[in-house]
Amino acid sequence: MGQLSKVKYPGFSRDIVSFGLVKSASIEGGVARVSLAISTNDPKVPKQLKDEVEKRLLELPGITQATVELAVQAARAPATPAAGPGGAKPGASRGVKRAVAIASGKGGVGKSTFAVNLACVMAQVLSACGRPGKVGLMDIDVYGPSVPLMIGLKGRPEVEGEGPDSCLVPMERHGVKVMSMGFLVDDNTPVVWRGPMVMKTVQQFVQNVKWGELDVLLVDLPPGTGDAQLSLVQTLPLDGAVIVTTPQPAATQVALKGGLMFQKVNVPILGVAENMSYFDDGSGQRVAIFGSGGGIATAERLGTVLLGQVPLIPAIREGGDRGTPVVVSDPAGQAAGVFRGIAEALLEMLAKDRSRPL
């Protein structure tokens, strides 16, 4: 497996062994045989993997022939979610009309704060249209789940049913149905997991949570391009992704990589959101603490739009610490106006698919 661990899945930093894509491997009489099982809709991925695996195998001493067998399964289906590789039952997310990933290349850009406020304001917009309780927020930032604190939820979710047919019932606040790893572990318990455990958790959150009928499910991803991201795109049909960044190059360079990863796995980029864009000093002057122009530059390089620029104001941080997001505590304020504009733009984009009415 040593040589196979050098083969990275296209667009990801993880290798095919740690992703669990290698089903068998053997060497006999100078012939190396490997069997892979992958989920993708990109016709380029199987050939890329086959060529790279053959190359690595032929580098081994004594190997004169390499045979690679590929079992390819479609990663996305518009009608129903695909069953996860771990065999978890599909169907719990069948009532979800649209699923959108909220992603960032690096940590520290306020992605979870953005996701919580976006979910709450989206619930407000849909409720005003007569569709209350139609927004869900799935927090799969396994190592640092902060959504429960920011949205003001504590306790454990209820379990409905028994045995293999049981499922978790999401908790609800501010009109948003929420599921997070933070509900399932103690506050002082660190999550120290390898990749397969992270991937299994993502599958369970998609397939074994009773989301019910949702217009939109927002998925708060951990930073980077690793296990959680690959598992999500293989398990849940994503309608798009929103890339969150701050303006400075240290953030935008990594955000660009995150966006390119989604494009490689056929997930459209709905737009870029620039967080902590500027600070209003009280006199009407905007101070670009983290620089300027990074969000629009990232959007242009990804071939998408800049959805909005969220200001750096204390009320956003305070709302997250109190469990009352700023869009709830001050719905007429400056920050809430920006989040509402982003939510309305996203809902309009998602509603354009006439074959699947929102």
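Quick note: structure is the one above.
Residues numbered from 1 in each chain as written. Predicted model: local features only at pLDDT ≥ 70, side-chain atom pairs only at ≥ 80, totals over all residues. Heavy atoms only, no water.

Engineer: Outline the overall build of the protein, listing residues and values.
Structural biologist: Scanning the protein from N- to C-terminus turns up 10 helices and 15 strands. Within the protein, buried positions represent 52% of all 358 residues. Across the protein, the fraction of contacts at a sequence separation of at least 24, relative to all contacts at a separation of at least 6, is 74%. Carbon and sulfur atoms make up 53% of the accessible area of the protein, which totals about 15,600 Å². (Helix = DSSP H or I, 4+ residues; strand = E, 2+ residues; numbered from the N terminus. Buried < 20%, exposed > 50% of the residue type's maximum accessible area, 1.4 Å probe, protein only. Contact = heavy atoms within 4.5 Å. Areas by Shrake-Rupley, 256 points an atom, 1.4 Å probe, with all protein chains shown as cover.)

Engineer: Can you tell me about the sheet that holds strand β1 (residues 22-28), naming the residues and giving the values?
Structural biologist: Strand pairs in the sheet, formed through backbone hydrogen bonds, run parallel or antiparallel to each other. Reading across the sheet, the 3 strands line up as β1-β2-β3 and stay open at both edges, with mixed pairing between neighbours. Edge positions in the sheet fall to β1 and β3 (65-73), since each has one partner strand and no second. Each neighbouring strand pair of the sheet contributes to a mean axis angle of 10°, computed without reference to strand direction. As paired elements, β1 and strand β2 (residues 31-39) share 6 bridges and run antiparallel to each other. Counted as the bridge partner of E28 is V31 from β2. Of the strands in this sheet, β2 and β3 are in contact with helix α1 (residues 44-58), which crosses β3 at around 155°. (Pairing = 2+ DSSP bridges. Axes fitted to C-alpha atoms, helices over the stretch in contact; angles between N-to-C directions.)

Engineer: Any chance you could break down the pattern of salt bridges for me, citing the residues and the numbers?
Structural biologist: Pairing is possible between side chains that carry opposite charge, provided their charged atoms lie close to one another. One pass over the structure, following the stated rule, counts 10 salt bridges. When the shortest N-O distance is used, the salt bridge between E59 and R56 registers 3.6 Å. On the accessibility criterion, E59 (42% relative accessible area) is partly exposed. Measuring nitrogen to oxygen at the nearest pair gives 2.6 Å for the salt bridge that ties D215 to R131. Pair noted here: D215 is in strand β10 (residues 214-220) and R131 is in the loop between α2 (111-128) and β5 (135-139), with a separation of 84 residues, a long-range link. (Salt bridge = Lys/Arg side-chain N within 4 Å of Asp/Glu carboxyl O.)

Engineer: Lay out helix α7 (residues 294-302) with the relevant residues and their values.
Structural biologist: Taken together, the buried positions of α7 are G294, G295, T298, A299 and L302. Angular distribution of buried residues about the axis of α7 spans 130°; they occupy a single face of the element. Away from its buried face, by an angle of more than 90 degrees, α7 presents the exposed residues E300 and R301. Buried positions along α7 lie against β11 (240-245), α6 (249-264), β12 (269-274) and β15 (306-309). Directly after α7, the chain includes G303, whose backbone phi takes a positive value near 70°. (Arc of directions from axis to C-beta.)

Engineer: Give a description of α1 that names residues and reports values.
Structural biologist: Between its terminal C-alpha atoms α1 stretches 21 Å, which fits the 21 Å expected from 15 residues at 1.5 Å a residue. Here the buried face of α1 lies against β2 and β3. (Expected span 1.5 Å × (residues − 1).)

Engineer: Could you give an account of the side chain of D139, naming the residues involved and the relevant values?
Structural biologist: The residue D139 is located in strand β5 in this model. Buried charge without a salt bridge: D139, with K111 as the nearest opposite-charge side chain at an N-O distance of 6.4 Å. Looking at D139, its side chain comes within polar contact range of the side chain of S180, at 2.8 Å. The residues contacting D139, other than those within four sequence positions of it, are P145, S146, V147, P148, M179, S180, M181, F205 and D220. (Lys, Arg positive; Asp, Glu negative; His and termini not counted. Polar contact = N/O pair within 3.5 Å; in protein donor to acceptor, adjacent residues only side chain to side chain.)

Engineer: Which residues make up the packing of α2 against helix α10 (residues 334-350), and what values go with them?
Structural biologist: Two numbers describe how α2 lies on α10: the axes approach to 9 Å, and their chain directions differ by 70°. Classified by the interaxial angle, the pair formed by α2 and α10 is roughly perpendicular. Where α2 crosses over α10, the handedness of that crossing is right-handed. Contact residues: F114, N117, L118, V121, M122, Q124, V125 and L126 in α2; A336, F339, R340, I342, A343, E344, L346 and L347 in α10. Its residues assigned to classes, the contact of α2 with α10 comprises 12 nonpolar, 2 polar and 2 charged. (Parallel < 35°, antiparallel > 145°, perpendicular 65-115°, else oblique. Left-handed = near helix turned anticlockwise from the far one by under 90°. Nonpolar A, V, L, I, M, F, W, Y, C, P; charged D, E, K, R; others polar.)

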